[in-house]
Amino acid sequence: MRLRLFEKACCNIIGMIHVPALPGTPNATCGMQEILERVEHEAEILKRHNMHGVIIENMHDTPYCLERDLGPETTACMSILASKVRHILPSSVPVGVQILAAANKSALAVALAANLQFVRVEGFVYSHVADEGWIDACAGPLLRYRKQLSASHIHVFADIKKKHSAHAVTADVNIAETASAAQFFNVDGVIVTGTSTGVAASPEELKTVTQAVKNKIPVLIGSGVTPQNMHQFKDATGLIIGSYLKYDGDWQNQLDEDRIREIMDEANKYQ
(Lines give C-alpha, C1' and ligand atoms only; values in the text may rest on other atoms or scores of the structure.)
Protein backbone atom coordinates (compact mmCIF):
# COMPACT_ATOMS: atom_id res chain seq x y z
CA MET A 1 0.00 0.00 0.00
CA ARG A 2 1.41 3.40 -1.06
CA LEU A 3 1.63 6.22 1.46
CA ARG A 4 -0.92 8.96 0.85
CA LEU A 5 0.67 11.71 -1.20
CA PHE A 6 -1.67 14.62 -0.47
CA GLU A 7 -2.46 16.10 2.92
CA LYS A 8 -6.24 16.05 2.54
CA ALA A 9 -8.36 12.96 1.94
CA CYS A 10 -10.24 14.63 -0.91
CA CYS A 11 -10.55 17.79 -2.99
CA ASN A 12 -6.84 18.60 -2.96
CA ILE A 13 -6.25 21.48 -5.38
CA ILE A 14 -3.31 20.89 -7.72
CA GLY A 15 -2.37 24.05 -9.54
CA MET A 16 -0.85 23.99 -13.02
CA ILE A 17 2.23 25.90 -14.12
CA HIS A 18 2.18 26.04 -17.91
CA VAL A 19 5.83 26.56 -18.79
CA PRO A 20 6.47 29.10 -21.59
CA ALA A 21 7.56 27.60 -24.91
CA LEU A 22 10.95 26.00 -24.38
CA PRO A 23 14.05 26.69 -26.49
CA GLY A 24 13.93 24.82 -29.78
CA THR A 25 10.13 24.68 -30.01
CA PRO A 26 8.28 26.59 -32.77
CA ASN A 27 6.69 29.15 -30.44
CA ALA A 28 9.76 29.90 -28.32
CA THR A 29 10.27 33.64 -27.87
CA CYS A 30 12.46 33.89 -24.77
CA GLY A 31 15.56 32.35 -23.28
CA MET A 32 15.84 30.10 -20.26
CA GLN A 33 16.50 32.93 -17.82
CA GLU A 34 13.22 34.63 -18.66
CA ILE A 35 11.36 31.32 -18.61
CA LEU A 36 12.86 30.54 -15.22
CA GLU A 37 11.80 33.91 -13.82
CA ARG A 38 8.23 33.45 -15.04
CA VAL A 39 8.00 29.95 -13.60
CA GLU A 40 9.42 31.17 -10.29
CA HIS A 41 6.83 33.96 -10.21
CA GLU A 42 3.95 31.55 -10.72
CA ALA A 43 5.31 29.12 -8.14
CA GLU A 44 5.48 31.95 -5.58
CA ILE A 45 1.85 32.87 -6.31
CA LEU A 46 0.66 29.28 -5.87
CA LYS A 47 2.67 29.01 -2.66
CA ARG A 48 1.07 32.20 -1.33
CA HIS A 49 -2.39 30.71 -1.81
CA ASN A 50 -1.55 27.42 -0.05
CA MET A 51 -2.03 25.16 -3.04
CA HIS A 52 -2.21 21.49 -2.03
CA GLY A 53 -0.07 20.38 -4.96
CA VAL A 54 1.54 21.76 -8.11
CA ILE A 55 2.30 20.26 -11.50
CA ILE A 56 4.43 21.80 -14.24
CA GLU A 57 3.81 21.07 -17.90
CA ASN A 58 5.29 22.16 -21.24
CA MET A 59 1.86 23.17 -22.52
CA HIS A 60 3.17 25.94 -24.79
CA ASP A 61 5.47 23.61 -26.77
CA THR A 62 2.98 23.22 -29.61
CA PRO A 63 2.90 21.33 -31.89
CA TYR A 64 3.81 18.53 -29.51
CA CYS A 65 6.22 15.73 -30.35
CA LEU A 66 6.08 12.15 -29.20
CA GLU A 67 8.94 11.11 -26.94
CA ARG A 68 10.96 9.53 -29.76
CA ASP A 69 11.15 12.94 -31.48
CA LEU A 70 11.96 15.08 -28.44
CA GLY A 71 15.49 16.40 -28.09
CA PRO A 72 17.42 16.18 -24.81
CA GLU A 73 17.02 19.94 -24.36
CA THR A 74 13.39 19.48 -23.29
CA THR A 75 14.30 17.12 -20.44
CA ALA A 76 17.23 19.34 -19.43
CA CYS A 77 15.14 22.53 -19.36
CA MET A 78 12.24 20.91 -17.54
CA SER A 79 14.62 19.49 -14.92
CA ILE A 80 15.97 22.97 -14.13
CA LEU A 81 12.49 24.48 -13.97
CA ALA A 82 11.05 21.66 -11.89
CA SER A 83 13.94 21.85 -9.45
CA LYS A 84 13.29 25.56 -8.92
CA VAL A 85 9.57 24.98 -8.30
CA ARG A 86 10.39 22.21 -5.85
CA HIS A 87 12.77 24.54 -4.00
CA ILE A 88 10.16 27.31 -3.72
CA LEU A 89 7.27 25.22 -2.42
CA PRO A 90 7.16 23.70 1.08
CA SER A 91 8.31 20.10 1.24
CA SER A 92 4.81 19.11 2.38
CA VAL A 93 3.36 20.19 -0.99
CA PRO A 94 3.72 17.46 -3.66
CA VAL A 95 5.11 18.65 -6.99
CA GLY A 96 4.71 16.76 -10.24
CA VAL A 97 5.54 17.04 -13.92
CA GLN A 98 4.04 16.14 -17.27
CA ILE A 99 5.96 16.33 -20.54
CA LEU A 100 3.93 16.47 -23.72
CA ALA A 101 3.33 14.46 -25.64
CA ALA A 102 3.38 11.16 -23.80
CA ALA A 103 7.05 11.70 -22.91
CA ASN A 104 6.53 9.61 -19.82
CA LYS A 105 10.07 8.30 -19.36
CA SER A 106 11.41 11.83 -19.74
CA ALA A 107 8.96 13.00 -17.07
CA LEU A 108 10.19 10.29 -14.70
CA ALA A 109 13.78 11.34 -15.31
CA VAL A 110 12.88 14.96 -14.58
CA ALA A 111 11.01 13.97 -11.43
CA LEU A 112 14.01 12.02 -10.17
CA ALA A 113 16.48 14.80 -10.95
CA ALA A 114 14.31 17.51 -9.38
CA ASN A 115 13.13 15.51 -6.36
CA LEU A 116 9.48 15.61 -7.42
CA GLN A 117 6.76 13.41 -5.98
CA PHE A 118 4.70 12.39 -9.01
CA VAL A 119 4.36 12.34 -12.78
CA ARG A 120 1.25 12.62 -14.94
CA VAL A 121 1.40 10.21 -17.85
CA GLU A 122 -0.53 9.43 -21.02
CA GLY A 123 -1.27 6.05 -22.57
CA PHE A 124 -0.56 3.96 -19.49
CA VAL A 125 -2.94 1.21 -20.60
CA TYR A 126 -4.67 0.72 -23.96
CA SER A 127 -3.53 2.58 -27.05
CA HIS A 128 -5.32 5.57 -28.56
CA VAL A 129 -5.00 8.19 -31.27
CA ALA A 130 -4.05 11.69 -30.13
CA ASP A 131 -3.44 14.84 -32.16
CA GLU A 132 0.27 13.94 -32.08
CA GLY A 133 -0.39 10.49 -33.54
CA TRP A 134 -0.69 6.95 -32.22
CA ILE A 135 0.00 6.59 -28.48
CA ASP A 136 0.99 3.09 -27.36
CA ALA A 137 0.33 1.72 -23.91
CA CYS A 138 3.45 2.09 -21.78
CA ALA A 139 2.83 0.61 -18.32
CA GLY A 140 5.32 -2.25 -18.61
CA PRO A 141 8.31 -0.32 -19.97
CA LEU A 142 7.56 2.75 -17.83
CA LEU A 143 7.42 0.95 -14.48
CA ARG A 144 10.50 -1.08 -15.37
CA TYR A 145 12.29 2.17 -16.13
CA ARG A 146 11.15 3.57 -12.77
CA LYS A 147 12.55 0.47 -11.07
CA GLN A 148 15.88 0.82 -12.92
CA LEU A 149 16.12 4.40 -11.68
CA SER A 150 15.40 3.30 -8.09
CA ALA A 151 12.55 5.80 -8.28
CA SER A 152 9.65 3.74 -6.97
CA HIS A 153 8.88 6.56 -4.53
CA ILE A 154 7.69 8.68 -7.48
CA HIS A 155 3.95 8.22 -7.98
CA VAL A 156 2.58 7.62 -11.48
CA PHE A 157 -0.83 9.19 -12.13
CA ALA A 158 -2.29 8.14 -15.48
CA ASP A 159 -4.96 9.73 -17.65
CA ILE A 160 -7.60 7.23 -18.75
CA LYS A 161 -9.73 7.79 -21.86
CA LYS A 162 -7.61 10.92 -22.20
CA LYS A 163 -8.78 14.29 -23.51
CA HIS A 164 -7.69 15.49 -26.98
CA SER A 165 -7.81 11.88 -28.15
CA ALA A 166 -9.89 9.43 -30.16
CA HIS A 167 -10.75 6.16 -28.46
CA ALA A 168 -12.71 4.42 -31.20
CA VAL A 169 -10.18 1.59 -31.29
CA THR A 170 -11.10 0.76 -27.67
CA ALA A 171 -14.78 1.65 -27.91
CA ASP A 172 -15.65 -1.77 -26.49
CA VAL A 173 -13.60 -1.03 -23.35
CA ASN A 174 -15.36 1.39 -21.03
CA ILE A 175 -13.73 3.80 -18.61
CA ALA A 176 -14.31 1.53 -15.62
CA GLU A 177 -12.53 -1.33 -17.37
CA THR A 178 -9.71 1.02 -18.33
CA ALA A 179 -9.33 2.15 -14.73
CA SER A 180 -9.33 -1.44 -13.50
CA ALA A 181 -6.66 -2.36 -16.04
CA ALA A 182 -4.49 0.57 -14.95
CA GLN A 183 -4.89 -0.50 -11.33
CA PHE A 184 -3.98 -4.09 -12.21
CA PHE A 185 -0.87 -2.74 -13.92
CA ASN A 186 0.20 -0.98 -10.70
CA VAL A 187 -0.67 2.63 -11.45
CA ASP A 188 -0.61 4.88 -8.38
CA GLY A 189 -3.65 6.91 -9.38
CA VAL A 190 -5.93 7.60 -12.34
CA ILE A 191 -7.09 10.88 -13.86
CA VAL A 192 -10.51 11.50 -15.39
CA THR A 193 -10.90 14.40 -17.84
CA GLY A 194 -13.35 16.02 -20.21
CA THR A 195 -12.84 15.98 -23.95
CA SER A 196 -10.36 18.86 -24.05
CA THR A 197 -8.53 21.43 -21.93
CA GLY A 198 -10.95 23.41 -19.80
CA VAL A 199 -13.89 21.08 -20.49
CA ALA A 200 -15.36 19.52 -17.37
CA ALA A 201 -15.21 15.80 -16.74
CA SER A 202 -18.35 13.76 -16.17
CA PRO A 203 -19.41 13.45 -12.52
CA GLU A 204 -20.88 10.07 -13.41
CA GLU A 205 -17.54 8.89 -14.79
CA LEU A 206 -15.88 9.99 -11.54
CA LYS A 207 -18.31 7.79 -9.59
CA THR A 208 -17.89 4.91 -12.01
CA VAL A 209 -14.10 5.00 -11.87
CA THR A 210 -14.02 5.38 -8.08
CA GLN A 211 -16.18 2.29 -7.77
CA ALA A 212 -14.06 0.41 -10.31
CA VAL A 213 -10.84 0.92 -8.33
CA LYS A 214 -12.69 0.27 -5.04
CA ASN A 215 -11.20 3.40 -3.45
CA LYS A 216 -7.82 1.66 -3.30
CA ILE A 217 -5.99 4.24 -5.43
CA PRO A 218 -6.51 7.99 -5.86
CA VAL A 219 -8.89 9.22 -8.53
CA LEU A 220 -8.21 12.75 -9.76
CA ILE A 221 -10.06 15.14 -12.05
CA GLY A 222 -7.89 16.57 -14.80
CA SER A 223 -9.88 19.31 -16.52
CA GLY A 224 -12.69 21.81 -16.33
CA VAL A 225 -13.07 22.34 -12.58
CA THR A 226 -14.56 25.69 -11.51
CA PRO A 227 -15.95 27.01 -8.21
CA GLN A 228 -19.42 26.53 -9.69
CA ASN A 229 -19.05 22.82 -10.46
CA MET A 230 -16.56 21.77 -7.77
CA HIS A 231 -19.31 20.26 -5.64
CA GLN A 232 -19.74 17.61 -8.34
CA PHE A 233 -16.09 16.53 -7.98
CA LYS A 234 -15.48 17.13 -4.27
CA ASP A 235 -15.00 13.43 -3.52
CA ALA A 236 -12.07 13.09 -5.92
CA THR A 237 -8.66 12.84 -4.30
CA GLY A 238 -7.36 15.79 -6.28
CA LEU A 239 -8.50 18.41 -8.75
CA ILE A 240 -5.88 19.44 -11.31
CA ILE A 241 -6.73 23.01 -12.28
CA GLY A 242 -5.05 25.15 -14.92
CA SER A 243 -7.45 27.12 -17.09
CA TYR A 244 -9.69 28.52 -14.36
CA LEU A 245 -6.73 29.94 -12.44
CA LYS A 246 -5.83 32.20 -15.37
CA TYR A 247 -7.32 35.53 -16.45
CA ASP A 248 -10.59 34.96 -18.33
CA GLY A 249 -10.22 31.22 -17.71
CA ASP A 250 -7.80 30.93 -20.64
CA TRP A 251 -4.83 28.61 -20.02
CA GLN A 252 -2.58 30.85 -22.15
CA ASN A 253 -3.00 33.85 -19.83
CA GLN A 254 -1.25 34.78 -16.59
CA LEU A 255 -2.43 33.62 -13.17
CA ASP A 256 -5.35 35.56 -11.71
CA GLU A 257 -5.11 35.68 -7.91
CA ASP A 258 -8.80 36.50 -7.50
CA ARG A 259 -9.68 33.30 -9.34
CA ILE A 260 -7.18 31.33 -7.28
CA ARG A 261 -8.79 32.64 -4.09
CA GLU A 262 -12.23 31.60 -5.37
CA ILE A 263 -11.01 28.07 -6.03
CA MET A 264 -9.28 27.67 -2.68
CA ASP A 265 -12.23 29.13 -0.75
CA GLU A 266 -14.59 26.69 -2.44
CA ALA A 267 -12.28 23.72 -1.82
CA ASN A 268 -12.06 24.54 1.86
CA LYS A 269 -15.80 23.84 2.18
CA TYR A 270 -15.31 20.19 1.33
CA GLN A 271 -12.22 19.27 3.35
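Nothing here was measured: the structure is a model prediction, and the numbers come from that model.

Draft legend 1. Expanded view of helix H7 (residues 257–268). With 12 residues, H7 should reach 16 Å at 1.5 Å per residue; the first-to-last C-alpha distance of 16 Å fits that figure. For H7, every residue scored as buried is listed here: Arg259, Ile260, Ile263, Met264, Glu266 and Ala267. One side of H7 carries all its buried residues, which in axial view fall inside an arc of 160°. Contacts from the buried residues of H7 go to strand S1 (12–18), helix H1 (32–48) and strand S11 (238–241). Put simply, Asp256 is the residue that caps the front of H7, since its side-chain oxygen is 3.0 Å from the backbone nitrogen of Asp258.

Draft legend 2. Quick peek at the packing of helix H2 (residues 72–88) against helix H3 (residues 104–114). At a minimum axis separation of 8 Å, H2 and H3 run at an interaxial angle of 40°. Judged on the interaxial angle alone, H3 and H2 are oblique. For the element pair H2 and H3, the recorded crossing hand is right-handed. Contact with H2, carried on its side by Thr75, Met78, Ser79, Ala82, Ser83 and Arg86, involves Ser106, Val110, Ala113 and Ala114 of H3 and no other residues of that element.

Draft legend 3. Structural detail: the state of the cysteines. Enumeration according to the criterion identifies 0 disulfides in this entry. Summary of cysteine pairing: Cys77 is not part of a disulfide, and the nearest cysteine sulfur, belonging to Cys30, is at 11 Å. Residue class for Cys77 comes out buried when judged on its relative accessible area of 9%. Sulfur of Cys138: no disulfide; nearest cysteine sulfur belongs to Cys65 and is 18 Å away. In this structure Cys138 comes out as buried when scored by relative accessible area, which is 12%.

Draft legend 4. Spotlight on the pairing of strand S4 (residues 118–121). The side-chain alternation of S4 yields two buried faces, one formed by Phe118 and Arg120 and the other by Val119 and Val121. Inspection of the sheet shows S4 paired to strand S7 (residues 155–159) by 4 bridges, in the parallel sense. Bridging across to S7, Val121 finds its partner in Ala158.

Draft legend 5. A look at the environment of Gln271. Assignment of secondary structure puts Gln271 in the segment after H7. Given a relative accessible area of 36%, Gln271 falls into the partly exposed group. With 83 residues separating them along the chain, Gln271 and Asp188 place their C-alpha atoms 22 Å apart. Discounting residues that sit within four places of it in the chain, Gln271 has contacts with Lys8, Cys10, Cys11, Asn12 and His52. Within polar-contact distance, the side chain of Gln271 engages the backbone oxygen of Cys11 at 2.6 Å.

Quick notes on the rules
- Residues numbered from 1 in each chain as written.
- Predicted model: local features only at pLDDT ≥ 70, side-chain atom pairs only at ≥ 80, totals over all residues.
- Heavy atoms only, no water.
- Helix = DSSP H or I, 4+ residues; strand = E, 2+ residues; numbered from the N terminus.
- Expected span 1.5 Å × (residues − 1).
- Buried < 20%, exposed > 50% of the residue type's maximum accessible area, 1.4 Å probe, protein only.
- Arc of directions from axis to C-beta.
- Contact = heavy atoms within 4.5 Å.
- Polar contact = N/O pair within 3.5 Å; in protein donor to acceptor, adjacent residues only side chain to side chain.
- Axes fitted to C-alpha atoms, helices over the stretch in contact; angles between N-to-C directions.
- Parallel < 35°, antiparallel > 145°, perpendicular 65-115°, else oblique.
- Left-handed = near helix turned anticlockwise from the far one by under 90°.
- Disulfide = S-S within 2.5 Å.
- Pairing = 2+ DSSP bridges.

Don't take any of this as a statement about function, it's just geometry.
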